[in-house]
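# Observations on the model geometry
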Number of protein chains: 2
Amino acid sequence: MRVLGVDPGLTRCGVGVVDGAPGRPLRMAGVGVVRTPAEAEIGQRLLLVEQGIEAWLDEHRPDLVAVERVFAQHNVRTVMGTAQASAVAMLCATRRGIPVTLHTPSEVKAAVTGSGRADKAQVTAMVQRLLRLDAPPKPADAADALALAICHIWRGGATNRLEAAVKAAAARTISPPRTISPPGSKGTLR
Amino acid sequence: MRVLGVDPGLTRCGVGVVDGAPGRPLRMAGVGVVRTPAEAEIGQRLLLVEQGIEAWLDEHRPDLVAVERVFAQHNVRTVMGTAQASAVAMLCATRRGIPVTLHTPSEVKAAVTGSGRADKAQVTAMVQRLLRLDAPPKPADAADALALAICHIWRGGATNRLEAAVKAAAARTISPPRTISPPGSKGTLR
């Protein structure tokens, strides 16, 4: 399975491609950053993000795109750009029929370091080790995109299936769902 | 000048097309809502917003797209979807080379009612009057999109040029700019 991880941002959008499967060695297929100039108009910046993501999809043909889930609580100044860049990434993938999954930063940290509160250096060190790289991945801020891809390969869509079940249950009734099937089962989802 | 106003949202994205020029009568060319199902996956919803906006651009060929500026402060639950839908609208326009401007809700209210704190009923009443409609625009929540288009026709890109100047000045120096040209002048912009 080949996963493109996207750490969304308008100024710097980290991208990393990892090949792997649960229980098998991982391999980095590519890493980089899509940049847009801060002084450009917002529409132009979104267009540059789109073109950058499209180029990565063209070159690496991932089976899945894993995008960092953006929360509104953090850093109000940058969160809108992050949300907008993530929308572009999800749109590009969906347009090609490539499934998209979202993972929270703490899920990603927990997946690669064992702790949801790991710091950036720890995440980078583990990404380097797991991908058996001679040096930390460059550019440095693309390590998170690789970590996202690794997180998805190991966790799979568990989070998303669970979320989909919760959402579907919430749509059916106003009261919270009493039981939710474990991520593996398919019985009550949808 | 023909303006497509977009009141962004993932569940309901209001769209309204207005023809006009400052000091001349306004004419409504179209109004509607692009809807996406709440239970669909986010990528799919963004794709539906894109297809909806593209259809409106195809049919009405606006000279400009005016999008409501989204703020992170309001309603944390829905703001991410709003930001993402607005990104798609801006992307669709920019891809076609159509200029995009952003207007805040209070700018829009002030433009059509004279007060930045006008309520929804007041905005709808003024939109109906200014466009000389026999009844309030339907669907009701598309009135804001028409108001956005009217706001742009009357205000022009003043807000954006001012913002661009501030942004450019901020990029040049860390200290805030001392003087900013009034919106009408072109001297120091860019």
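The notes below deal with the structure included here. Because the structure is predicted, anything quoted here is derived from the model rather than measured. (Residues numbered from 1 in each chain as written. Chains lettered and ligands numbered in written order. Predicted model: local features only at pLDDT ≥ 70, side-chain atom pairs only at ≥ 80, totals over all residues. Heavy atoms only, no water.)

As a further point, take the nonpolar core. Membership of the largest hydrophobic core comes to 52 residues, with the highest contact counts inside it found for V6 and I53 of chain A together with V6 and I53 of chain B. What I53 of chain B contacts, discounting residues up to four positions off in sequence, is V6, C13, V15, V34, A89 and C92 of chain B. Of all hydrophobic cores here, the second largest spans 22 residues; its members include V3, V108, A118 and V127 of chain B. (Core = buried A, V, L, I, M, F, W, Y, C linked by side-chain atoms within 4.5 Å. Buried < 20%, exposed > 50% of the residue type's maximum accessible area, 1.4 Å probe, protein only. Contact = heavy atoms within 4.5 Å.)

All right, on to unusual backbone geometry then. A cis geometry characterises the amide bond from K138 of chain A onward to P139 of chain A, with omega recorded as -5 degrees. Within the element layout of this structure, P139 of chain A appears in the loop between helix 4 (120–130) and helix 5 (143–155). In this structure, R132 of chain A is a non-glycine residue whose phi angle is positive, near 50 degrees. Along the chain, R132 of chain A turns up in the loop between helix 4 and helix 5. A positive phi is found at R61 of chain B, a non-glycine position, where the angle reads about 45 degrees. With respect to the helices and strands, the residue R61 of chain B is situated in the loop between helix 1 (42–60) and strand 4 (64–68). (Helix = DSSP H or I, 4+ residues; strand = E, 2+ residues; numbered from the N terminus.)

Each copy of the chain is related to the other by a rotation around an axis and a translation along that axis. Mapping chain A onto chain B leaves a residual RMSD of 0.0 Å; the transformation is a rotation of 180 degrees accompanied by 0.0 Å of translation along its axis. With respect to symmetry, the two chain copies, as superposed, fit the operation of a two-fold axis. Identified as the residue of chain A closest to the rotation axis by C-alpha distance is Q84 of chain A, at 2.5 Å. (Least-squares fit on C-alpha atoms with pLDDT ≥ 70 in both.)

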